[in-house]
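Spelled out, the chains give:
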Amino acid sequence: MNREEFLEKFQDILQTEDILSFDMILDDIEEWDSLAKLATVAFLDQNFGVKVVFDDFQNMKTIDDVAIKAGI
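Residues numbered from 1 in each chain as written. Predicted model: local features only at pLDDT ≥ 70, side-chain atom pairs only at ≥ 80, totals over all residues. Heavy atoms only, no water.

Draft legend 1. Spatial organisation of the packing of helix H1 (residues 3-14) against helix H3 (residues 63-70). Two elements in contact, H1 and H3, have axes separated by 11 Å at closest approach and are oriented at 115°. Here H1 lies roughly perpendicular to H3, going by the angle between them. Where H1 crosses over H3, the two elements pack in a sense that is right-handed. In contact with Arg3, Phe6, Leu7 and Phe10 of H1, H3 contributes Ile63, Asp64, Val66, Ala67 and Ala70. For the contact of H1 with H3, the residue count by class is seven nonpolar, no polar and two charged. (Axes fitted to C-alpha atoms, helices over the stretch in contact; angles between N-to-C directions. Helix = DSSP H or I, 4+ residues; strand = E, 2+ residues; numbered from the N terminus. Parallel < 35°, antiparallel > 145°, perpendicular 65-115°, else oblique. Left-handed = near helix turned anticlockwise from the far one by under 90°. Contact = heavy atoms within 4.5 Å. Nonpolar A, V, L, I, M, F, W, Y, C, P; charged D, E, K, R; others polar.)

Next up, the structure:
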């Protein structure tokens with residue numbers, strides 16, 4: 001998966017029509033809630049084999065931080 005595909009999948013996870021960019025701050029995204037975090041945990045595990053716990057979200061401030069966690 002390349003970075004653009006990652007953004008498209010992340011847009012699906014957030015269930016938003018907004019165009020996303022890697023520099024977007026997660027807490028500024030209206031759809032970034034506990035359900036989106038759960039979906040992100042599942043997405044990272046299923047697609048990248050990356051195990052994430054909720055404490056990891058304290059270190060992930062931007063969409064790019066999530067992509068880096070995924071190895072993208």
